[in-house]
Amino acid sequence: MKTYKKILFSMAALIALGNQVKAQDHRFDPPWNTPPESKVMFTVPGVDNVPDLFGDINDPQLVVFFAGNQFMCLDDMMAAFKKAYPQYQRVFAETLPPGILAKQIMGGSITIGNMRITLKPDVYTAGKNRTDQMPEYFSKTEAYAYNRLAIMVQKGNPKNIKGLKDLGQSAIRVSMPNPDFEGIGKRIEQAYVLAGTESLRKTIMEDKVKDSTTYLTQIHHRQSPMRIMYGRSDAAPVWYSEAYYQVMIKHPVDMVEIPSDQNINATYVAGQLKNAPHAQAARDFMDFLVSPTAKAIYRKYGFTTK
């Protein structure tokens, strides 16, 4: 009996150890950009990494709120902007979901963990649908980049996912942006209807949510890639540029393209805030966004431009 108990105890210890190892596995965690240099570099994956706050939060000369799926462009964008406009060296940017950023603009603050941010943006960028809903906030708007949808899958596509219809299968675990938090969620729902009528949308967004084979994210540009890379989801509809970037940095994902007749296109629009604290910097950044330099950066990361 004692021997049996020892075996059970050993097995339990091994299982616990295995769970601990998995819990400490952060090899694919963000940030996926290059952080700025400081005297103290202190990033703890899974605990303190704050991947969607960029640059100088103290006394910034320019504050930009970017729709989160543009995070991969920021290293190159900020470096090129500072080179073109050397008078601006302290720049702060956020890359949270555009709906959250809109609430931050309207409410005047946001709290992340224990940090409260009350900076007002000079420029806000988001999909055209979002900026069209808040014209009273902007003195000027400008379209500058374009995108489309794709499906991110695990490396090698082990579930042989060929298109949006496959996401309705009961065995396919889907990571899906929550339409209540992220505008892309509503666009993906439109694509589901194009690919398989309303029944496909209902299957993925209602039936599979109830049985937990569809997981609704709050910040898909971070959660969906991580769920794919850590084997928690099999497929994630995302913007093309997001899947393109994860493949670019050699993370273990692949991309399934969606045909144009089932796809949804996005237009990114920048808006200069009427009450921009740094009005001249805002005007300069708006000009920079539509420059050949900025357009080349967006194309580098899978967006399209005109």
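In what follows, the accompanying structure is described. (Residues numbered from 1 in each chain as written. Predicted model: local features only at pLDDT ≥ 70, side-chain atom pairs only at ≥ 80, totals over all residues. Heavy atoms only, no water.)

### Here's the deal with the environment of Ile-219
Spelled out, the test is: Runs of E in the DSSP output that reach at least two residues are strands. Runs of H or I that reach at least four are helices, and both are numbered from the N terminus. In this description, contact between two residues means that some pair of their heavy atoms is separated by no more than 4.5 Å.
Its place among the elements puts Ile-219 in the loop between β9 (214–217) and α6 (220–229). With 131 residues separating them along the chain, Ile-219 and Tyr-88 place their C-alpha atoms 29 Å apart. Here Ile-219 is in contact with Asp-52, Leu-96, Pro-97 and Glu-182, once residues within four sequence places are set aside.

### Quick look at the environment of Gln-61
As a reminder, the rule being used: Throughout this description, a polar contact denotes any pair of N or O atoms lying within 3.5 Å of each other; where both atoms belong to protein, one of them has to be capable of donating a hydrogen while the other can accept it, and for residues adjacent in sequence the pair is counted only when both atoms sit in side chains.
Relative to the helices and strands, Gln-61 is located in the loop between β1 (53–55) and β2 (62–65). Sequence separation of Gln-61 and Asp-122 is 61 residues, and the distance between their C-alpha atoms is 9.5 Å. Among all residues touching Gln-61, those that are not within four sequence positions of it are Gln-87, Tyr-88, Gln-89, Arg-90, His-278 and Ala-281. There is a polar contact of 3.1 Å between the side chain of Gln-61 and the backbone oxygen of Gln-87.

### Things to note about unusual backbone geometry
Among all residues except glycine, the phi angle is most often negative; among peptide bonds, the trans geometry is most common. The step from Pro-30 to Pro-31 runs through a cis peptide bond, and the omega angle for that step is 10 degrees. You can see Pro-31 is positioned in the loop between α1 (2–23) and β1. If you check the backbone angles, Asp-59 has positive phi at about 50 degrees while not being a glycine. The topology assignment puts Asp-59 in the loop between β1 and β2. The backbone phi angle of Asn-160 is positive, close to 55 degrees, even though this residue is not glycine.

### Here's the deal with the layout of surface pockets
How we decide: Residues are said to line a cavity or pocket when one of their atoms sits within 4 Å of a point; the points come from a 1 Å grid over protein atoms alone, cavities being sets where a 1.4 Å probe fits but cannot get out and pockets being open sets with protein on both sides within 12 Å along at least five of seven lines. Grid points are joined across faces, edges and corners, and a volume is the space filled by probe spheres set on the points. Each residue receives one of three labels: charged for Asp, Glu, Lys and Arg, nonpolar for Ala, Val, Leu, Ile, Met, Phe, Trp, Tyr, Cys and Pro, and polar for the others, Gly being one of them.
Of the voids in this model, the second largest pocket is the one considered here, and its volume is about 450 Å³. Of all the secondary structure elements, the ones that give two or more residues to the lining of the second largest pocket are α3 (98–107), α4 (128–132), α5 (183–210), α6 and β12 (265–273). For the lining of the second largest pocket, the residue count by class is eleven nonpolar, eleven polar and seven charged.

### Some thoughts on the packing of aromatic side chains
The description of two aromatic rings rests on the distance between their centres and on the angle between their planes. To keep it simple, the criterion reads: Each Phe, Tyr or Trp ring, with Trp reduced to its six-membered ring, pairs with another whose centre is within 6.5 Å; inter-plane angles below 30 degrees give stacked pairs, above 60 give edge-to-face pairs, and intermediate values give tilted ones. When a residue's accessible area, from a 1.4 Å probe over protein chains only, is under 20% of the maximum for its type it is buried; when over 50% it is exposed; and in between it is partly exposed. We call a charge positioned over a ring when the NZ of a Lys or the CZ of an Arg lies within 6 Å of the ring centre and within 35 degrees of the ring normal.
Scanning all chains against the criterion turns up 17 aromatic pairs. When the centroid spacing of 6.4 Å and the interplanar angle of 35 degrees are considered together, the rings of Tyr-85 and Tyr-88 count as tilted. In this structure Tyr-88 comes out as buried when scored by relative accessible area, which is 9%. Taken together, Phe-66, Phe-81, Tyr-85, Tyr-88, Phe-285 and Phe-288 form an aromatic cluster joined through their ring pairs. In this arrangement the basic side chain of Arg-148 is found over the ring face of Tyr-240, its NZ or CZ atom lying 3.9 Å from the centre. A cation sits over an aromatic face here: Arg-227 above Tyr-215, 3.8 Å from the ring centre.

### Description of the pattern of salt bridges
What counts, and what does not: Salt bridge criterion: a side-chain nitrogen from Lys or Arg within 4 Å of a carboxyl oxygen from Asp or Glu.
Per the counting criterion, the structure on display carries 14 salt bridges. Across the pair Asp-52 and Arg-222 runs a salt bridge whose closest N-O atoms are separated by 3.0 Å. With a gap of 170 residues between them, Asp-52 in the loop between α1 and β1 and Arg-222 in helix α6 connect regions that are remote in the sequence. Across this residue pair, the class does not change: Asp-52 and Arg-222 are buried. Where Arg-201 meets Glu-206, a salt bridge forms, and the shortest distance between an N and an O atom there is 2.9 Å. For Glu-206, a relative accessible area of 30% puts it in the partly exposed group. Through salt bridges with shared partners, one network takes in Glu-189, Glu-198, Arg-201 and Glu-206.

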